[in-house]
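# Working through the structure, step by step
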Amino acid sequence: MTSDPRTETRNNSLRQAALDYHEFPKPGKLEIRATKPMANGRDLARAYSPGVAEACLEIKADPSTSSRYTARGNLVAVVTNGTAVLGLGNIGPAAAKPVMEGKAVLFKKFANIDCFDIELAESDPVKLAEIVCALEPTFGAINLEDIKAPDCFIVEQLCREKMNIPVFHDDQHGTAIVVGAAATNALRVTNKKFEDIKVVSTGGGAAGIACLNMLLKLGLKRENVWLCDIAGLVYEGRTEEMTPQKAAFAQNTDLRTLDDVIEGADLFLGLSGPGVLKPEMVAKMARQPIVFALANPTPEIHPEEVKKVAPDAIIATGRSDYPNQVNNVLCFPFIFRGALDVAATEINDAMQIACIEGIAALARATTSAEAAAAYQDERMEFGPEYLIPKPFDPRLMGVVASAVAKAAMESGVATKPVPDMKAYKDALDHSVFKSALIMRPVFAAASQAERRIAFAEGEDDRVLRAAQAMIEETTDKPILIGRPDVIAVRAERAGLKIRPGVDFEIVNPENDSRYKQYWQAYHKLMERKGVTPDLAKAIMRTNTTAIGAIMVHQDHADSMICGTFGQYLWHLNYVTQILGTKEHQPVGALSLMILEDGPLFIADTHVHTEPTPEQIAKTVIATARHVRRFGIEPNIALCSHSEFGNLQCTTGRHMREALEILDSEPRDFIYEGEMHIDSALTPDLRARNFPHSRLEGPANALIFAIADAASGVRNILKTKGGGLEVGPILMGMANRAHIVTPSITPRGLLNMSAMAGTPVAHYG
């Protein structure tokens, strides 16, 4: 049979793309970077001779301080000899290196664990174990990878006996943990119990045996396990292709084949090869059969074939193009994170079961917005097609790692217990959600009140997810403006638990009992500005931003959020029309950029295109007030093309006039200008150019003379600087309205709801 030329072309394209990914712009997938400054002789003297000797002597006196003065406490070795690499088999250590590098970057990406990949040309399991044991002074933990069975059992056992740090063979235990989580939830869906089910498994390798042993720990009865391999059923007295690990599951029976034993099976667990399980075998299984066909890249049976004979089947594979992918990345980064953080001496059964319970529970919770964004067009609601979370669910870090650390402490293998488990979990969450730490004071202030927050674009998926998070994490009440049927359908499609009219209020522009009240209120405000009754009626039927503003005006909401689509100034026009008063007018838009080296506030990014000196001064004052909402003392720089009077450009003159306005009254915050951005952020440079500056250290807020500059810096920091934005925060409107931008995420909307959830009296 000839192959399809289109398929061949596509495969060649994918192959070349994969090779290019590994080769360019530099070979490989990882590099080493210094974590301490190396800018001058003083740094060198501390990093190396003579300063390094002090750290050496401290460690010699107390070896446990190695994790204080070196990277060892957060460093894992991924070790292989290349004898069982993925589905490629015994390809040798050199060819295994791309896989080990990949594992290393997954550790870093998902759990911020540093990792060295080590490929060893040693096939003798005893000698391999000796080499690994000799690495203990360098690493906080060892991840054994892609070592063939039964050698992997020998290596891991010897290393665990001799080493005082965790040694974890991920091919065994990582797979077993994720299978355990998936099986736990599959049984919950089918209303079955481990102790009652019959399991038929194919594949007697490391992963297969580990999975069966884990299921036994979860309650499966050994007599209900039927293990098959290339030679058929494992039965008492069989000698062909036998190992001690397989023999533990030998059955006393005359049955000999997979087809013989599959009848009535509740769970098929495949870790073998393609096409092993036939549709006619699936037809013999129990009601709602659970089929875990985990061979990669081609499973024991394709899900489509299963569904033809058992439409009610629950299926998992090892592939990402089907639901329920059993992927070790759900486990290994986070079990190591928890183990390292408490300096565990091993990863024991209690820690592994805690990992299973954490993963399984997370799938039953509401899907995170971040995971939904990474897996668009997939329905992620707990059930037959969503048994385990997705790898990019950021909650895995906090839930799983903290559960593992807690189990390590309770089982007595933690040498540095965590004193406050809640604070530890919060710290893990903060490491994933970049905004979490700096937003803590805002959420704390918001928790002291119960505010009603109206979302103008209530049908937007991001708004729905933000509303779900508000209900789960805050005391505020979301109000969604939109069509109830559309909101209900989209909430269900997104797998959200919230339901319109039950968990939150809806304002339906097409049919709301307050419609007359709203259009009349709007008309009264705007009748001398060209708005007729008919136009007011039309706006209150179609313009959700105006509806949200009127709700706040009528005290039917405490604050509103709009702007998930459309132009900022368009929204601002209606917000100002309705909510602007003599005391409250838009002052400026403030964006908080969360950067690797700390927060940086930027204004005015949207409100005033070319602000007057008076408007600049008001922006500075408002910025100082809002910066303090985050528990930060403002250190504000007025930025322009001119620096301390050296140019007579327009921006320089405006900044100098704004400075005079600010200096006309006592201020309780630090500000300085006019200056370049580099002078604002670099104290040494500023000291050379203007020794008597009032700023202390780097500025934490930059105020610009034109919106183009402020917006440009904001966008560069977002797209090229890795910055995460909180905002824009609309200043001057008494916290009654905020206008976001179309690029905002659900997490960003949640952050803005917390900003809106704080009464203005809380921050002056």
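About the thresholds
Residues numbered from 1 in each chain as written. Predicted model: local features only at pLDDT ≥ 70, side-chain atom pairs only at ≥ 80, totals over all residues. Heavy atoms only, no water. UniProt positions renumbered as here; feature names shortened; annotations may be inferred. Helix = DSSP H or I, 4+ residues; strand = E, 2+ residues; numbered from the N terminus. Contact = heavy atoms within 4.5 Å. Buried < 20%, exposed > 50% of the residue type's maximum accessible area, 1.4 Å probe, protein only. Pairing = 2+ DSSP bridges. Right-handed = clockwise from strand over helix to strand, strands pointing away. Expected span 1.5 Å × (residues − 1). Bend = angle between axes of the 7 residues up to and from the residue.

The positions UniProt marks with the feature "binding site: a divalent metal cation" (unreviewed entry) are E145, D146, D171 and N296. Structurally, D146 can be placed in the loop between β3 (141–144) and α7 (151–162). In contact with D146, other than residues within four places in its own chain, are T80, N81, G82, T83, A84, V85, L86, V99, M100, H169 and D171. Checked against the element boundaries, N296 lands in the loop between β9 (290–293) and α13 (303–309). Ignoring sequence-local partners within four residues, the contact set of N296 consists of G87, G318 and R319.

The subject of this paragraph is unusual backbone geometry. If a residue is not glycine, its phi is most likely negative; likewise, a peptide bond is most likely trans. Following N296, the chain continues to P297 via a peptide bond in cis, the omega torsion being 5°. Residue position: P297 is located in the loop between β9 and α13. Here the residue pair G673 and E674 is connected by a cis peptide bond, since its omega of -10° sits within 30 degrees of zero. The backbone of F644 sits at a positive phi, close to 50°, despite the residue not being glycine. Here F644 lies in the loop between β17 (635–639) and α27 (650–663). With phi around 55°, A734 is a residue other than glycine that occupies positive phi space. Here A734 lies in the loop between β20 (724–731) and β21 (737–739).

Here we take up the pairing of strand β1 (residues 75–80). Counted residue by residue, β1 has 6 buried out of 6 residues, so it is predominantly covered. Side chains L75, A77 and V79 project from β1 onto one buried face, and the interleaved V76, V78 and T80 project onto a second face that is buried too. Pairing of β1 with strand β2 (residues 114–119) involves 6 bridges; the strand directions are parallel. Looking across to β2, one finds that L75 is bridged to D114. As for the winding sense of the linkage, the β-α-β connection from β1 through helix α5 (residues 93–111) to β2 is right-handed.

Quick look at the UniProt feature "binding site: NADP(+)" (unreviewed entry) in the protein now. The sites that carry the UniProt feature "binding site: NADP(+)" (unreviewed entry) are, in the present numbering, V85, L86, G87, L88, G89, N90, I91 and G92. Checked against the element boundaries, L86 lands in the loop between β1 and α5. Given the relative accessible area of 64%, L86 is considered exposed. Among residues more than four places away in sequence, those in contact with L86 are V99 and D146. Following the sequence through the fold, N90 ends up in the loop between β1 and α5. In contact with N90, other than residues within four places in its own chain, are G82, T83 and A84.

Turning next to α5. Taking 1.5 Å of rise per residue, 19 residues should cover 27 Å, and α5 covers 26 Å from first to last C-alpha, within 8% of that figure. Within α5, the axis deviates most sharply at V99, by approximately 30°. Among all positions in α5, only A96, M100, E101, G102, K103, A104, F107, F110 and A111 are buried. Considering only its buried residues, α5 is in contact with β1, β2, β3, α8 (170–190), α14 (332–341) and α17 (395–410). Count one or two residues on from α5 and you reach N112, which has phi positive near 55°.

For K718, the position within the fold is in helix α30 (residues 707–719). Residue classification places K718 among the partly exposed positions, given a relative accessible area of 23%. For the pair K718 and I594, spaced 124 residues apart in sequence, the C-alpha to C-alpha distance is 9.2 Å. Ignoring sequence-local partners within four residues, the contact set of K718 consists of M593, G723, E725 and S743.

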